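Architecture at a glance
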Amino acid sequence: MTSPMLCGVDAIHVATVLEDCCDQLSILGRIMPHSFDMRQDAYEIVDNDVSELLDSQRQLESRYQSVLARKMDVRQMTHNTDKLNLMEKEVLKTGGDLKNSTHVFRRSLRQNPLTSDNTAKIQHDRIFLEAVMSETMGELIHNRTFLALLEAVKLEKKRKASLQNTIQKEEDGRKRVRQLQKQLLDVKKEKETEVQNREEMIAHLKDQLQEMKAKTNMEGKYIKKCAEVAVTQTQKRCFLSEQEMKDETENLQNQIDKETRANSEIEAFLRNHHSNLEKKLDFWQEKYEKDVEAKQHELDVLKASKAKDLERLQELTKLYKEYEQVVVEDRIEKEKIRRKDEMEAIELKGAVKVQAWWRGMMVRKGFGPYGKKKKGKKGKKGKKGKKKGK
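Residues numbered from 1 in each chain as written. Predicted model: local features only at pLDDT ≥ 70, side-chain atom pairs only at ≥ 80, totals over all residues. Heavy atoms only, no water.

Quick notes on a nonpolar patch on the surface
Note the cut-off: Patch membership requires more than 30% relative accessible area and the absence of a salt bridge. Residues of like charge join within 9 Å; the nonpolar side chains Val, Leu, Ile, Met, Phe, Trp and Tyr join within 5 Å. Computed with a 1.4 Å probe, the accessible areas rest on the Shrake-Rupley method; for each residue, only the protein chains presented here act as cover. By definition here, a salt bridge exists when the distance from a side-chain nitrogen of Lys or Arg to a carboxyl oxygen of Asp or Glu is within 4 Å. The helix and strand labels rest on DSSP assignments: H or I over at least four residues marks a helix, E over at least two residues marks a strand, and numbering proceeds from the N terminus. Exposed residues in this analysis have more than 50% of their type's maximum accessible area, buried residues have under 20%, and partly exposed residues fall in between, with area computed by a 1.4 Å probe over protein chains only.
On the surface, V354, W357, W358 and F367 cluster together to form a nonpolar patch covering roughly 450 Å² of accessible area. Mapped onto the fold, F367 is located in the loop between α5 (147–365) and α6 (375–389). Judged by its relative accessible area of 41%, F367 falls in the partly exposed class.

Thoughts on α5
To be explicit about the condition: For a helix, the expected span equals 1.5 Å multiplied by the number of residues minus one.
With 219 residues, α5 should cover 327 Å at 1.5 Å per step; its first-to-last C-alpha distance of 118 Å lies more than 12% under that length. Among the residues making up α5, those that are buried are A148, A152, E156, G360, M361 and M362. Remark: G366 follows α5 within two positions and exhibits a positive phi of approximately 75°.

Observations concerning the packing of aromatic side chains
In plain terms, the rule: The aromatic pairing rule takes the rings of Phe, Tyr and Trp, using the six-membered ring of Trp, and pairs them if the centres are within 6.5 Å, calling planes under 30 degrees apart stacked, those over 60 edge-to-face and the rest tilted.
Counted under the stated rule, the structure contains two aromatic pairs. The interplanar angle of 45° and the centroid separation of 6.3 Å between the aromatic rings of W357 and W358 together place this pair among those described as tilted. Judged by its relative accessible area of 43%, W358 falls in the partly exposed class.

Some thoughts on the confidence of the model for the protein chain
Any region with low pLDDT has predicted coordinates that should not be read closely. What counts, and what does not: Along the chain, pLDDT gives the predictor's confidence residue by residue, from 0 to 100. Here a residue-residue contact requires only that any non-hydrogen atoms of the pair lie within 4.5 Å.
For the protein chain, the mean per-residue pLDDT works out to 79, and 82% of the residues sit at or above 70. Of all the helices and strands in the protein chain, α6 carries the lowest mean pLDDT, 45, while α5 carries the highest, 89. In the predicted structure, residues 34–38 sits below a pLDDT of 50 and forms eleven contacts with residues beyond four places in sequence or in another chain.

This is the structure:
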């Protein structure tokens, strides 16, 4: 990689600027105070700065609260998306300002101006900057390059990146410690609550155990008495059921006798009825055969009549078709004559119109007999007209 190089004039100009910068840094190092430790009004200065920061912080907090209240009012009063978006943007902007102000306030509180740490840091940075500027100025004068400045910037960026990573790791570690402490407290509270609940549960279970023992003794006595009463009732019910079963058996035997007698009577009745039905069946079978023969004869007669009617229908159909053909031909002929008459009437009407138009044209244009006559004749006619007038 080639090193950047300036021309002679530019190198001199830059070196002059850097020399002036080095002189100013040197003067600044000699006039800069060490700290506020030995000043009598140090605490008053710090109090004024902190008061200004607090006032600014309170103003931003009140502004944020008012913006939130306006947002809630707008959301309740209207459903316009544009207004809601504007209020949301205003809330986000105010929240960002409040966050930045809080960050500045915390940083200001961490950096105590009454100690010499800030002044020492500023002095160290000034010395470092003065050394870099001096080295860059010498390099510009001798080589017309500024590699020292680039290298110093690169090293400073690496140092700041490393410092930032260290700070970020420390913040992450602190957050992790706080989170673990919070989790430990939560677990401790949860365990204490769980132990207390279990102790209460044990006491409750002991009470229930005593109650269950007393209840079990009472239930044992009650069940024993209930069992004795149930046995007595069961014996009595069995005796009554036995008596009922005996009575039911006697009734069933009587019903069986009645059913047997009724069955024999029904069988006799059914035999007689069966014989009567057989006689009726013979009668109706004979009647069926006779009726079938009669209906067959009627059917044959109807078939013959149907054949004659069908033949007659065919003849009439043929005759109808012939008459229909004649009627259609007659209608066609009449239609032709009607159309011919209509056409002749239309042609006659058109001829009359053409003749009338032609006569009108002859009269208007003066063709043929309607043309202009000679002057002599007009004069005679004029005289005749005068004489007639006289």
